[in-house]
Amino acid sequence: MSRIHEALKRAEEQRPSAWKPAEPTPFGVAGGEGGSASAVSRALYSPKWGEIPAPGRRLRLEELRQRSSKPGWKLNPDYDAFSPQHSSALCAEQFRTLRSRLYRLKEKSPLRTLVVTSTLPGEGKTFVALNLALAIARQHERRALLIDADLRASRIHVGLGAPSAPGLSDYLSGKADEFSILQADPKVELFLVPAGKPVPNPSELLANGMLKSFIDGVSPVFEWVIVDTPPVLAVADAGIIAEFCDGVMVVVRANKTPHDLVKTTLQEFRGNNLLGVVLNDASEGANYGGYSFRAGFGTDKK
Ligand SMILES: Nc1ncnc2c1ncn2[C@@H]1O[C@H](COP(=O)(O)OP(=O)(O)OP(=O)(O)O)[C@@H](O)[C@H]1O
Ligand SMILES: [Mg+2]
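Residues numbered from 1 in each chain as written. Chains lettered and ligands numbered in written order. Predicted model: local features only at pLDDT ≥ 70, side-chain atom pairs only at ≥ 80, totals over all residues.

Moving on, we come to the pairing of strand β7 (residues 247-253). In terms of burial, β7 is a largely internal element, 7 of the 7 residues being buried. Every second residue of β7 is oriented toward a common face, with Gly-247, Met-249, Val-251 and Arg-253 on one face and Val-248, Val-250 and Val-252 on the other, all of them buried. Across 5 bridges, the pairing between strand β2 (residues 113-118) and β7 is parallel. Bridge assignment links Leu-114 to a residue of β7, and that residue is Gly-247. Across 6 bridges, the pairing between β7 and strand β8 (residues 274-280) is parallel. Its bridge partner lying in β8, Met-249 is registered against Gly-276. On the question of chirality, the crossover connecting β7 to the parallel β8 by way of helix α11 (residues 259-269) is right-handed. (Buried ≥ 20, exposed ≤ 12 C-beta atoms within 10 Å, placed from the backbone. Helix = DSSP H or I, 4+ residues; strand = E, 2+ residues; numbered from the N terminus. Pairing = 2+ DSSP bridges. Right-handed = clockwise from strand over helix to strand, strands pointing away.)

This is how it looks when you write it as structure tokens:
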């Protein structure tokens, strides 16, 4: 076990139960290069007035299972760290490690809803959110909900090979109900809310209270609710969502994101609900001293 693993283990053992991290905890790194896949689209469900359930009402698992759509996802190997085509077996292993670290944090403090964000576009937020959700849902009797709240450049549906609509934007603008935006897969206990149709006012919609109510209503059914968001530097959306989620995970792409910009991002969430940093696309053994990461998650590329 590496020195970093040991230090993390010690820190988690010493952490008091009502722990609120002031400093980011290095979760680790995932690695490799990727591409894209085509999205499938589906007709927008238009509920009649009065048919949409009251926002925030508690939803039951059986109801979710029955009423969510099952479009049959086709995972894009470029986004799937568990695919045999992926460049690194180590990468999949690191997602399992990330998963178990999050479970250990959950034992110490209430933690269920998780925002994944980063400073700049293209750092791997979607890649990390998707693979973490898959890592959770592929365990026996573990259930995760993945929400694509990047209403500006949504990609989760591309990674999962899922229809992009109806989705969150349609729900937040009152054009779809909770069930019509939920997708499920019979094989894994993963549920998805895709981003939905493009809208001109994403920040307004995300702040209108409906997403918070939706998450409050649906989260008791899941071990984890993972929310993919846009980059922090460009727009306020991730900050808005973080206000009503339990924790924030910041993705940093190795050798890409300038250190001072990362510090600004961490500052935004520090003292609030910053859980830690995932160093993405790192080479194993490289020196990332600035972030105090060296090994752990990473590719086996040199
Ligand atoms: N660790 C990794 N290994 C392999 N490919 C990766 C890795 N991280 C990211 N990628 C690839 O890099 C590209 C950008 O990643 P991703 O879409 O997850 O970034 P993002 O931060 O969500 O971007 P945006 O800000 O545009 O939403 C994708 O093609 C993805 O497959
Ligand atoms: Mg993304």
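Moving on, we get to unusual backbone geometry. Residue Pro-166 is bonded to the preceding Ala-165 through a cis peptide linkage, with omega at 0°. Looking at the element boundaries, Pro-166 is found in the loop between α5 (156-160) and α6 (168-172). Positive phi is not limited to glycine here, since Glu-141 has a value of about 55°. A tally of 6 C-beta atoms within 10 Å means that Glu-141 is categorised as exposed.

At their nearest, the axes of helix α3 (residues 89-108) and helix α4 (residues 125-137) sit 9 Å apart, and the two run at 75° to each other. Judged on the interaxial angle alone, α4 and α3 are roughly perpendicular. Between α3 and α4, the residues in contact are Phe-95, Arg-96, Leu-98 and Arg-99 and Asn-131, Leu-132, Ala-135 and Ile-136, respectively. In the contact of α3 with α4, the residues fall into 5 nonpolar, 1 polar and 2 charged. (Axes fitted to C-alpha atoms, helices over the stretch in contact; angles between N-to-C directions. Parallel < 35°, antiparallel > 145°, perpendicular 65-115°, else oblique. Contact = placed C-beta atoms within 7 Å. Nonpolar A, V, L, I, M, F, W, Y, C, P; charged D, E, K, R; others polar.)

Counting through the fold element by element, Asn-273 comes out in the loop between α11 and β8. In this structure Asn-273 comes out as partly exposed when scored by C-beta crowding, with 19 C-beta atoms within 10 Å. Between the C-alpha atom of Asn-273 and that of Ala-242, which follows or precedes it by 31 residues, the distance is 7.6 Å. Beyond its immediate chain neighbours, meaning those up to four positions away, Asn-273 contacts Ala-242, Asp-246, Gly-247 and Val-248.

Moving on to helix α9 (residues 210-218). Those residues of α9 that fall on the buried side of the exposure criterion are Leu-211, Phe-214, Ile-215 and Val-218. Along the axis of α9, the buried residues cluster in a sector spanning 95°; they form a single face. (Arc of directions from axis to C-beta.)

Our next topic: α11. Here α11 has its buried residues at Val-262, Thr-265, Leu-266, Glu-268 and Phe-269. One side of α11 holds all its buried residues, which, seen down the axis, span an arc of 150°. Residues of α11 that are exposed and angled more than 90 degrees away from the buried face: Asp-260 and Gln-267. On its buried face, α11 sits against α10 (237-242), β7 and β8. Gly-271 sits one or two positions beyond α11 and adopts a positive phi of about 80°.

Across the chain, the average pLDDT comes to 80, with 74% of residues at or above 70. Predicted confidence is poor over residues 1-25, with pLDDT under 50, and the contacts of this stretch with residues over four places away or in other chains come to 29 contacts. Note on residues 289-302: pLDDT is under 50 here. Beyond four places in sequence and across chains, it has 54 contacts. (pLDDT = per-residue confidence, 0-100.)

Core analysis: the largest hydrophobic core is formed by 75 residues, its most contacted members being Val-115, Ala-133, Ala-144, Leu-146, Ile-226, Val-227 and Ile-241. In terms of residues, this core owes the most to one element, α4, which gives 10 residues. Leaving out residues up to four positions away in the same chain, Val-227 has contacts with Thr-113, Leu-114, Val-115, Val-116, Ile-147, Ala-149, Ile-241 and Cys-245. (Core = buried A, V, L, I, M, F, W, Y, C linked by C-beta atoms within 7 Å.)

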